[in-house]
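The lines below spell out each chain.
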Amino acid sequence: MFMRLLQSKVEPEAVGKLGEFYQTKVIPELQKITGCMFAGLIQDRAQPGTGFSMTLWQTKEDAEAFEKSKVFQKIMEEVGPILLESAEWKMQLTEDMELTYAPVHEEPIIKSYTAKAQKHMKTAVQPEITRMYTRIVSPKVQKGKIKEFTEIYKREIIPVLQAADGCLHAYLMENLQEKEQQEVISITIWESKEKAEQYEKSGQFDRLVDKVKHTFTQLSQWQMSLEKEQGKQAKTSDDMLVSHYTMVAGKQFKK
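What counts, and where the lines are drawn
Residues numbered from 1 in each chain as written. Predicted model: local features only at pLDDT ≥ 70, side-chain atom pairs only at ≥ 80, totals over all residues. Heavy atoms only, no water. Helix = DSSP H or I, 4+ residues; strand = E, 2+ residues; numbered from the N terminus. Buried < 20%, exposed > 50% of the residue type's maximum accessible area, 1.4 Å probe, protein only. Contact = heavy atoms within 4.5 Å. Areas by Shrake-Rupley, 256 points an atom, 1.4 Å probe, with all protein chains shown as cover. Phe/Tyr/Trp six-rings, centres within 6.5 Å; stacked < 30°, edge-to-face > 60°. Lys NZ or Arg CZ within 6 Å of the ring centre and 35° of its normal. Core = buried A, V, L, I, M, F, W, Y, C linked by side-chain atoms within 4.5 Å. Pairing = 2+ DSSP bridges.

Enquirer: Let's hear about the overall build of the protein: which residues, and what values?
Expert: Secondary structure assignment for the protein yields 7 helices and 10 strands. Per-residue burial for the protein yields a buried fraction of 44% across its 255 residues. Across the protein, the fraction of contacts at a sequence separation of at least 24, relative to all contacts at a separation of at least 6, is 73%. With the model as given, the accessible surface of the protein reaches about 14400 Å², and the carbon-plus-sulfur share is 50%.

Pasting the structure below:
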């Protein structure tokens, strides 16, 4: 399985407009594309104007074919006016030596991931798509430890998530574009925000982190040790990030 995450930014009040565009234009087009299994627009709860289009594909080739297609180009052209202009400004000199300023349009960021482990949980009733809740955990793993991390995830973490009330899907993905950094992300999709928060408060997440933290980078381990010993937050470039997203629009396709 292959995953594409396309990050974009809009004004918080434009999220509804983007969601409507995704529901009425993007999903119907993706439903017709070979290999696309799921499409969802998720909104960052900490930064409401930031979100991702998350698509799941049968193969990397299917995803790449779509990215090169006229359909993708048309979608990007139509959504352009909704996206946010960057807060950064580009300065340049004209031929008349006058200093000009122009806003830099912030292009969506595309990241591609391949599945290292995955599990689809069985539920008696499929929840409403807009109530679904997504957690993305991004640890910094040592070079050479990715295989060990993956094995622990399959053996120790997936069974716990499978038993967790409300967990619908779990994926461990590896970034194909940042091999040197060994970036991996764990994505879990939940029936609702309440079910995800219940899991977090149970202490299970902290116990699972303990099982894999020895594979994290030395800087990440130092940061976690410092916080535990002194009870104070410490920030480093290798911090494990835990992000929370609400599903704005989405659909699973039968292939």
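Enquirer: Which residues make up the packing of aromatic side chains, and what values go with them?
Expert: Taken as a whole, this structure holds 6 aromatic pairs when the rule is applied. Relative to phenylalanine 72, the ring of phenylalanine 66 has its centre 5.4 Å away and its plane inclined at 70°; by these criteria the two rings are edge-to-face. Residue phenylalanine 72 is classed as buried on the basis of its relative accessible area, which comes to 12%. Among the aromatic residues, those joined into a cluster by ring pairs are Trp57, Phe66 and Phe72. Here arginine 4 stacks its cationic end above the ring of phenylalanine 72, 5.4 Å away from the centre of that ring. Directly above the ring of phenylalanine 205 sits arginine 135, whose terminal nitrogen or CZ lies 4.8 Å from the centroid.

Enquirer: I'd like a description of the nonpolar core, backed by residues and values.
Expert: One finds Val10, Tyr22, Leu30, Trp57 and Phe66 to be the most contacted residues of the largest nonpolar core, which totals 25 residues. When contributions to this core are tallied by element, the ones reaching two or more residues are strand S1 (2-9), helix H1 (15-31), strand S2 (36-44), helix H2 (60-67) and helix H3 (70-79). Of the residues forming this core, the biggest block, 7 residues, is contributed by H1. Core analysis: the second largest hydrophobic core is formed by 24 residues, Ile157, Leu161, Val184 and Phe216 among them.

Enquirer: If you had to explain the pairing of strand S8 (residues 167-175) to someone new, which residues and values would you point to?
Expert: Along S8, 9 of the 9 residues are buried, which leaves the element largely enclosed by surrounding structure. The pairing of S8 with strand S9 (residues 184-190) spans 7 bridges and is classified as antiparallel. Looking at S9, one finds that histidine 169 is bridged to isoleucine 189.

Without other data, these values stay purely geometric and don't point to any function.
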